[in-house]
Structures are given as structure tokens and as C-alpha cells.
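Single-letter residue listing:
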Amino acid sequence: MKQFLNLGYQPLANSYLEDKNLNKKEKKFKLVVGFNPKNFLVSILNTVPKEQMFNKNYPYKSSESLTMRKQFKTLASYIKKRFKPKTLLEIGSNDGAFIKNFNKKRVIGVEPCKNLADITIKKGFNIYPNYWDTTLAKKIIKKNKVDLIYSANTLSHIKNYSEIFKAVNITLRSNGILVLEDPSLLECIKKTAYDQFYCEHIYVFSGIALQKILDQFNLQIFDIENLKTHGGSNRYYIKKKSNLSISISKNVKVNFQREIQYGLHKFSTYKSFAKKVSKSKIKLKDIFDKLKKNNKKIIGYGATAKSCTVLNYCKIDKKYFEYFYDTTSYKIGKYLPGTKIMIKKYKKLKVNDADYVYLGAWNFKDEIFKKEKKFIKNGGKFITHIPSAKII
Ligand code: TYD
């Protein structure tokens with residue numbers, strides 16, 4: 001593993017602080033990102049035990065995002081039409097935003113965060129409140145193997161990928177399908193979105209790296225869709241290599257070629273990415289410093305894990321911000337880890353609220369700009385760091 005990016009000491013990005021903990025010392029870990037030239041895998045080098053990140057206090061709920069709800073609904077009907085699965089399992093079923101589109105009797109959810117698992121258990125879904133591994137897979141198949149496994153923004157959070165894919169192979173029928181969705185490394189590098197790297201995102205996958213891993217488990221990508229979600233993601237359709245009834249779409253080659261053309265198989269690409277990240281930090285800090293000097297009122301929009309990484313890395317803390325707005329009930333009344341910026345319940349932006357609004361949830365820019373049309377029309381300004389630090 002060759003190191004290329006050092007994002008400094010970071011708190012756990014989703015450990016929002018309560019009032020009573022504001023003066024306690026936070027746990028921090030060194031966030032360093034590396035590249036493996038053998039399998040092209042990009043990953044963070046110092047990982048945090050999963051129990052510290054994915055537990056009963058996990059704040060992220062898929063159902064609270066309109067974009068995600070819509071996308072899951074569309075995908076569910078597409079999957080029903082294209083693959084007609086009789087049984088479906090979701091790894092990381094969160095609060096049920098995806099599985100709710102299926103017949104309760106035919107879906108299984110796996111969700112280790114108890115607060116989220118409980119939401120779906122109460123609704124009568126069959127949920128295993130466990131981490132995804134081979135022990136669980138063996139337990140699940142005592143009833144039946146499954147036709148389709150879906151997992152969005154979860155597998156990149158699991159360190160031991162060998163366990164993941166062994167468990168997939170155990171659970172999936174020989175003609176079964178695995179559908180994976182995760183942020184795209186190509187988009188991350190192109191947009192200088194270094195905030196895709198934080199404690200939970202152990203891997204940011206490229207298609208070429210993912211296929212190299214899948215080779216070890218006799219699994220094969222047969223189709224890829226490029227999505228806008230989470231700042232640019234890929235949806236991979238995967239089958240067992242022994243299943244010859246499905247042909248490989250030309251999308252796979254097109255995506256792999258695009259990644260190779262951009263140099264995702266070369267260390268030098270990551271070194272120049274790291275240089276861009278350093279420049280982005282200087283520029284963003286400079287914007288905030290100038291605005292602060294001119295007594296501008298700045299608030300944040302979307303208290304994301306991503307903004308936690310950016311603000312801690314760029315050393316932009318509560319001195320610069322009045323507060324952050326966020327819609328997530330769990331985050332409201334708490335403070336961003338590290339920078340200790342207060343999070344308030346979201347209200348539609350008014351020009352008097354702030355001179356500048358830092359777009360923490362840049363991955364929902366379209367949804368947010370639509371919602372805040374009036375603020376923008378009346379001269380409201382946003383600050384973003386994607387694809388480069390600027391005021392828009
Ligand atoms: P998310 O996309 O999960 O980012 P990360 O994985 O980096 O935490 O989080 C989006 C956050 O933005 C979430 O806390 C909800 C918030 N949000 C708003 O407050 N208003 C909005 O209109 C949208 C779309 C999101």
C-alpha cells in the first residue's frame with residue numbers, strides 16, 4: 001500500500017457531540033489514504049473498529065432524503081422487471097428506504113445499527129440486526145438461498161472484503177445477482193472530492209479495482225450504471241462467473257477504459273490528486289478568512305460527514321460559522337465533531353439568515369438549489385469546495 005494523502009487527525013465523522021460532551025476530549029485518528037498498485041484499490045490506512053462507528057447511535061437515515069427515496073423506488077421497479085427475484089436481501093438496509101418497495105415476505109434486511117434495524121423490525125420486516133459476514137450468511141441459508149442481493153453505500157464501509165464476498169457466495173443462488181452501489185473513485189478524483197475519505201469510507205472503489213477483488217471470489221461485473229448520487233456513484237451488476245447465461249454489457253468495458261484513461265491504475269494520478277487537495281484547502285481557508293475579516297455571516301447547509309472531514313482538515317471551525325442547518329432529527333441540537341459548530345433544525349433559507357451558506361451537502365446540490373430558489377434569486381450566495389473552492 002502506497003500512501004498519497006494525509007488528511008490529518010480527524011474525529012469520527014458521524015459522532016455528533018451533545019452539549020454535555022462539548023468539553024470532553026474527542027477520539028481522533030490519523031486519516032491517511034493509500035493506493036495498492038497490485039489491485040488498484042484505494043483505501044484509508046488506519047481504520048476504526050466497526051463497533052465505534054456502526055452502533056445504536058448511527059445518525060444517517062436513507063428515508064430522510066427525497067433523492068434517495070425516489071431513486072430506491074425507481075430501482076426497485078427496475079429490479080423487479082429485469083431480474084424478477086423471488087427473494088431479495090439487502091446488506092445495510094438502514095431504515096428500510098429500499099426494502100419497503102418489496103413484499104415483506106420476500107425480503108431480508110441486514111442492519112447492525114440497532115436504532116435503524118428496530119424501525120424496520122417494528123414494521124414487520126425480516127431483519128437480522130447483525131454485521132454482514134459468513135456466520136450470518138450460514139444462518140440465513142438455513143431457510144433458503146436468495147435470488148438477489150442489493151447493497152448501497154455499505155460494502156465500502158466494511159474492512160474485510162474477503163468476508164463480504166465469501167458471505168455473498170454462500171447466500172446467493174448459482175444464478176443469483178449481486179447489485180452494488182458505491183461512490184465512484186473516478187468521480188471523486190475528478191471533482192477533488194477528498195471528503196469521500198473518512199473513517200467510515202474504508203474503500204472508494206473504481207470498477208477496475210472492484211473486478212480485481214471479485215476475481216478472487218469468482219464473481220464478475222456484467223453491467224455498470226453511472227449515478228449522480230453521493231457526488232457520483234456506480235451501480236455494479238455482478239454474477240457468479242459460472243453463470244454463463246448472462247452476457248457482459250459493453251458498459252463494463254467503456255467504464256474500465258475511462259478509468260484507465262484517467263490513470264486510476266497509476267500511483268502518479270493519486271499524487272497529483274493530493275496536490276490538488278492541498279491547493280483546495282488553501283483556497284477554501286482563504287475564502288473563509290476573507291469573509292470573516294469582512295464580518296460576513298456564514299452558516300452551513302447539511303451537516304454531513306463529508307463537511308466534518310473538510311472543515312477539520314482545513315481548520316475552519318466554529319469561529320467562522322453561526323451554525324449549520326440540517327434536516328436529520330438525530331443531528332439537530334448537537335454539534336459537528338471536531339469543529340464544534342452547532343446544528344440547528346432546517347428552515348427554508350431567507351436572505352437575512354446569512355451572507356454566505358457553505359454547502360456541506362454538495363452531493364445534493366440540485367435538490368438544495370431547487371428548494372432554495374428564492375434565497376438564490378434574492379442574491380443569496382453559497383460557498384463550495386467542489387470541484388474547486390469557490391463562491392457561487
Ligand atoms: P449525506 O449525503 O449522507 O452525506 P455524508 O455521508 O457525508 O454524511 O448527508 C446529507 C446530509 O444533508 C444529511 O444530514 C441531511 C442533510 N440535508 C439537509 O439538511 N437538507 C437537504 O435538503 C438535504 C438534501 C440534505
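Residues numbered from 1 in each chain as written. Predicted model: local features only at pLDDT ≥ 70, side-chain atom pairs only at ≥ 80, totals over all residues. Heavy atoms only, no water.

## Here's the deal with unusual backbone geometry
Rules: Secondary structure elements follow DSSP: runs of H or I of four or more residues count as helices, runs of E of two or more count as strands, with numbering from the N terminus. When a residue's accessible area, from a 1.4 Å probe over protein chains only, is under 20% of the maximum for its type it is buried; when over 50% it is exposed; and in between it is partly exposed.
In the segment running from Ile386 into Pro387, the intervening peptide bond is cis, with an omega of 0 degrees. Counting through the fold element by element, Pro387 comes out in the loop between strand 15 (381–384) and strand 16 (390–391). Positioned with a positive phi, Phe40 is a non-glycine residue whose angle comes to about 60 degrees. Within the secondary structure, Phe40 sits in the loop between strand 2 (28–36) and strand 3 (41–44). Its relative accessible area of 16% is what places Phe40 among the buried residues. Look at Lys340: it is not a glycine, yet its phi comes out positive at around 55 degrees. Looking at the secondary structure, you find Lys340 in the loop between strand 12 (324–326) and strand 13 (343–345). Residue classification places Lys340 among the partly exposed positions, given a relative accessible area of 22%.

## Points about the pattern of salt bridges
Spelled out, the test is: Counted as salt bridges are all cases of a side-chain nitrogen of Lys or Arg within 4 Å of a carboxyl oxygen of Asp or Glu.
Evaluated as defined, the whole model comprises 12 salt bridges. Linking Lys114 and Asp118 is a salt bridge whose minimum nitrogen-to-oxygen distance equals 2.9 Å. On the criterion of helical spacing, the pair formed by Lys114 and Asp118 is a turn pair, its members being four residues apart in helix 3 (residues 114–122). Note that Glu187 is salt-bridged to Lys191, the shortest N-O span being 2.9 Å. The partly exposed category is assigned to Glu187, whose relative accessible area is 24%. Shared partners join several salt bridges into a network, and the residues in it are Glu181, Glu225 and Arg235.

## A look at the packing of aromatic side chains
Geometry of an aromatic ring pair is reported as the spacing of the ring centres plus the angle between the planes. What counts is decided by this rule: When the centres of two rings from Phe, Tyr and Trp lie within 6.5 Å, Trp using its six-membered ring, the rings pair. Their planes under 30 degrees apart give stacked, over 60 give edge-to-face, and anything left gives tilted. In our convention, an over-ring charge means Lys NZ or Arg CZ found within 6 Å of a ring centre and within 35 degrees of that ring's normal.
One pass over the structure, following the stated rule, counts 29 aromatic pairs. Ring geometry for Phe4 against Tyr270: centres 5.1 Å apart, planes inclined by 40 degrees, an arrangement best described as tilted. Of the two residues, Phe4 is situated in strand 1 (residues 2–11) and Tyr270 in helix 9 (residues 267–293); the sequence distance between them amounts to 266 residues. Residues Phe83 and Tyr237 carry aromatic rings whose centres are separated by 5.9 Å and whose planes lie at 35 degrees to one another, so their mutual orientation is tilted. Of the two residues, Phe83 sits in helix 2 (residues 66–83) while Tyr237 sits in strand 10 (residues 233–240), which places them 154 residues apart along the sequence. For Tyr237, a relative accessible area of 0% gives the class buried. Following the ring pairs from residue to residue traces out a cluster consisting of Phe4, Phe35, Phe197, Phe267, Tyr270 and Phe273. Positioned above the aromatic ring of Phe267 is the side chain of Lys2, whose terminal nitrogen or guanidinium carbon lies 4.4 Å from the ring centre. Here Lys281 stacks its cationic end above the ring of Tyr313, 4.4 Å away from the centre of that ring.

## Here's the deal with the site of the ligand
Note the following rule: Throughout, near means a residue has at least one heavy atom within 4 Å of the molecule or strand. The definition of a polar contact used here is a pair of N or O atoms within 3.5 Å, where within protein one atom must be able to donate a hydrogen and the other to accept one, and adjacent residues in sequence count solely through side-chain atom pairs. Note on areas: these come from Shrake-Rupley sampling with a 1.4 Å probe, and a residue is covered only by the protein chains present in the view. Under this grouping Gly is polar, as are all residues other than the nonpolar Ala, Val, Leu, Ile, Met, Phe, Trp, Tyr, Cys and Pro and the charged Asp, Glu, Lys and Arg.
The immediate surroundings of the ligand are formed by 18 residues, with Ala305, Asp326, Lys331, Asn363 and Lys371 found nearest. Between an oxygen atom of the ligand and a main-chain N or O atom of Ala305, the distance comes to 2.8 Å. Asn363 places a polar side-chain atom, nitrogen or oxygen, 2.8 Å from an oxygen atom of the ligand. Protein chains shield 94% of the accessible area of the ligand, which is 570 Å² for the free molecule. Where the shell around the ligand is concerned, the elements lending two or more residues are helix 10 (305–314) and helix 11 (365–371). The biggest single contributor to the shell around the ligand is helix 11, with three residues. Per-class residue counts for the shell around the ligand are seven nonpolar, six polar and five charged.

## Things to note about helix 9
Applied cut-off: Here, expected helix span is obtained from the residue count minus one, scaled by 1.5 Å.
Look at helix 9: 40 Å from first C-alpha to last across 27 residues, which is about the 39 Å you get at 1.5 Å a residue. Inspection of helix 9 places Phe267, Thr269, Tyr270, Phe273, Ala274, Val277, Ser280, Leu284, Ile287, Phe288 and Leu291 among the buried residues, and these make up the whole buried set. Downstream of helix 9 by a residue or two, Asn295 has a phi angle that is positive, lying close to 55 degrees.

## Some thoughts on the pairing of strand 14 (residues 356–359)
One face of the sheet, then the other: side chains in a regular strand alternate in exactly this way. What counts is decided by this rule: By definition, two strands form a pair when at least two bridges between them are found by DSSP.
Of the two faces of strand 14, the one holding Tyr356 and Tyr358 and the one holding Val357 and Leu359 are both buried throughout. Pairing geometry for strand 11 (residues 298–301) and strand 14, over four bridges, is parallel. The residue of strand 14 that forms the bridge with Ile299 is Val357. Where strand 14 and strand 15 come together, three bridges link them in parallel fashion. Paired with Val357 across the two strands is Phe382, which belongs to strand 15.

So yeah, pure geometry; function would need other evidence.
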